[in-house]
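A structural walkthrough
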Amino acid sequence: MSTGINRRELLAATGALGLLSQSTASSAAPASNSATPPLAPTPPMGWNSWNSFATTITEEQAIANAEIMARELKPFGYDIFTIDIQWYEGAATGYDYNTKPIPTMDEHGRLLPAPNRFPSSVKGAGFKPIADKVHALGLKFGVHLMRGIPRLAVERNLPILGGKWKARDIANTNSVCPWNPDMYGVDMSKPGAQEYYNSVFALLASWDIDFVKMDDMSRPYDANAPEIEAAHRAIQASGRPMILSLSPGETPLASAEHVRRYAQMWRISDDFWDEWPQLKAQFTRLENWSMFRQPGRWPDADMLPLGRLQMGKRDCHFTPDEQRTLMTLWSIARSPLIMGGDLRHLDPATLALLTNREVLAVNQASRDNKPAALIEEVRTWTARAERGETRYLAMFNVSDKADSKQVHFDLSRLGLKSAKVRDLWAKRDIGTVRDRVSATLAPHASLLYGLTPT
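An unreviewed UniProt entry lists the chain under the name Alpha-galactosidase, with Steroidobacter flavus given as the organism. The heading Sequence similarities (unreviewed entry) in the UniProt record of the chain holds the text "Belongs to the glycosyl hydrolase 27 family."

Our focus in this paragraph is the packing of aromatic side chains. All chains considered together, the criterion is met by 18 aromatic pairs. Note on F118 and F127: the rings are 5.2 Å apart at their centroids and 75° apart in plane angle, and the pair reads as edge-to-face. With respect to burial, F118 and F127 carry one shared label: buried.

UniProt feature "domain: Alpha galactosidase C-terminal" (unreviewed entry): in the numbering of this structure it lies at residues 377-449. In residues 377-449, helix accounts for 0% and strand for 60%; the two terminal C-alpha atoms are 19 Å from one another.

Applying the stated criterion to the full structure yields 29 salt bridges. Put simply, E229 and R233 hold a salt bridge, and the shortest N to O gap is 3.9 Å. Of this pair, E229 and R233 both sit in helix α10 (residues 221-238), 4 residues apart, which is roughly one turn of that helix. Judged by relative accessible area, which is 22%, E229 ranks as partly exposed.

So, on to the sheet that holds strand β6 (residues 183-186). A sheet is described by the order of its strands in space; here 3 strands give the open sequence β4-β6-β5, paired in antiparallel fashion. Since the sheet does not close on itself, it has two edges, and those belong to β4 (149-150) and β5 (171-176), each with one partner. In the sheet, β5 pairs with β6 via 3 bridges, with the strands oriented antiparallel. Along β6, the bridge assignment pairs N172 with G185.

It is worth spelling out helix α13 (residues 320-332) at this point. If you check α13, its first and last C-alpha atoms are 18 Å apart, about what 13 residues at 1.5 Å a residue would give, namely 18 Å. The buried count for α13 comes to 10 of 13 residues, which makes it a mostly enclosed element. With its phi angle positive at about 60°, R334 sits one or two positions after the end of α13.

Attention shifts here to the environment of G192. Relative to the assigned elements, G192 resides in the loop between β6 and α9 (193-206). Residue classification places G192 among the buried positions, given a relative accessible area of 2%. Each C-alpha atom, one on G192 and one on V433, is 65 Å from the other, the two residues being 241 residues apart in sequence. G192 has contacts with I160, W165 and I170, leaving out every residue within four places of it along the chain.

Turning to unusual backbone geometry, a few remarks are in order. Generally, phi is negative for residues other than glycine and the peptide bonds are trans, each holding for most cases. The step from R219 to P220 runs through a cis peptide bond, and the omega angle for that step is -5°. Between S247 and the following residue, P248, the backbone shows a cis peptide bond with an omega angle of -20°. Along the chain, P248 falls in the loop between β8 (243-246) and α11 (256-262). We note that D368 has phi near 55°; this positive angle belongs to a residue other than glycine. A positive phi angle, near 70°, is found at D435, a position not held by glycine. Its place among the elements puts D435 in the loop between β19 (428-434) and β20 (436-441).

Taken as a whole, helix α15 (residues 357-364) has its buried residues at V359, L360, V362, N363 and Q364. A distance of 3.0 Å separates the backbone nitrogen of E358 from a side-chain oxygen at the start of α15, and that oxygen is part of N356.

Definitions and cut-offs
- Residues numbered from 1 in each chain as written.
- Predicted model: local features only at pLDDT ≥ 70, side-chain atom pairs only at ≥ 80, totals over all residues.
- Heavy atoms only, no water.
- UniProt positions renumbered as here; feature names shortened; annotations may be inferred.
- Phe/Tyr/Trp six-rings, centres within 6.5 Å; stacked < 30°, edge-to-face > 60°.
- Buried < 20%, exposed > 50% of the residue type's maximum accessible area, 1.4 Å probe, protein only.
- Helix = DSSP H or I, 4+ residues; strand = E, 2+ residues; numbered from the N terminus.
- Salt bridge = Lys/Arg side-chain N within 4 Å of Asp/Glu carboxyl O.
- Pairing = 2+ DSSP bridges.
- Expected span 1.5 Å × (residues − 1).
- Contact = heavy atoms within 4.5 Å.
- Polar contact = N/O pair within 3.5 Å; in protein donor to acceptor, adjacent residues only side chain to side chain.

Here is the structure:
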């Protein structure tokens, strides 16, 4: 899927300007106190239920995954635990949506956890009991939220909390999600519209929510921009810091300044799954978005579909080389790292892939990350360690031909004559090179090196 912008022109511009991603940061800063630290100073890391549970996760399954996450992944920085879509739908069955959903909601049209799936939510408790357990594990708690107001609330014309307005006064019944039947859009020009969003995020704040994945935001982006702004204002009004993650869709590059003003992370593609063509397509998207990344504002290439997936029916389809390429690309491009597989079936190979500290350091503590080559079948990225002299080099053989490929990188492009090379995946030094780094990569394979000047 193309973004409509010429990749070679963008890469040339990025290379010429070098620090464009930093120089544009001030123009996109949100209207807030500049001394306030960003909510997401590094790419968010965590777990999300969609890839493994679709719409069906239960309280028992959620707590089981949270406990494993706290034990196995939290020591490596994964700390945001998120329950994805339709937690309010008692009859949810999987990756398809009921055509006539009956969402659980309160008297003001605000969604509530379905009590048959989340027993602790009864008597007005909502997600607070689960949030308390997740927080006790040292994790942050996130939920998914569809854009808009429940269609059932509009049908019943429920009153908006704290005012004289009703659901039909603010609903835009022409604004509907093309793939989910739960909601109508909210017409932000109508009195009571902001108050409705304020009431929704006030409820989330009362549950101690830390992260909101807000869906159906980017198609079309401009039409939905007022609701993105409304969510931002509602979070501010709630008094609780909540990371706002926008999903899904290919957020247009033309909207980059707007999206990074109002959200901490935003999707740059539709749902990403474990198929090589989808992974290959993410290279161009991440390259195009590179200049708009900044601390606290993260283009999101989507979750990591690794391990046990799709309601326990299968394991990841990526080959071992493709899984490493996935982690290398997300790390060097500083995309959020959100694991999607069922942690109850976390195997040693997947755990090792997720917990290599030297690779994670590239994602969490690097700068000047940018694409560095224009050869179509060999993609190259470079970066600098946040501290010290180490440079990072990632190279990828994205060719679909069966033969391995010799890849080369001239150190002069980094202003170096010689460097000590460390293989970050293998966690070992592999010697000192002069002038150029060379390696052989199998199809769909990659390398990730640390280069220290000598």
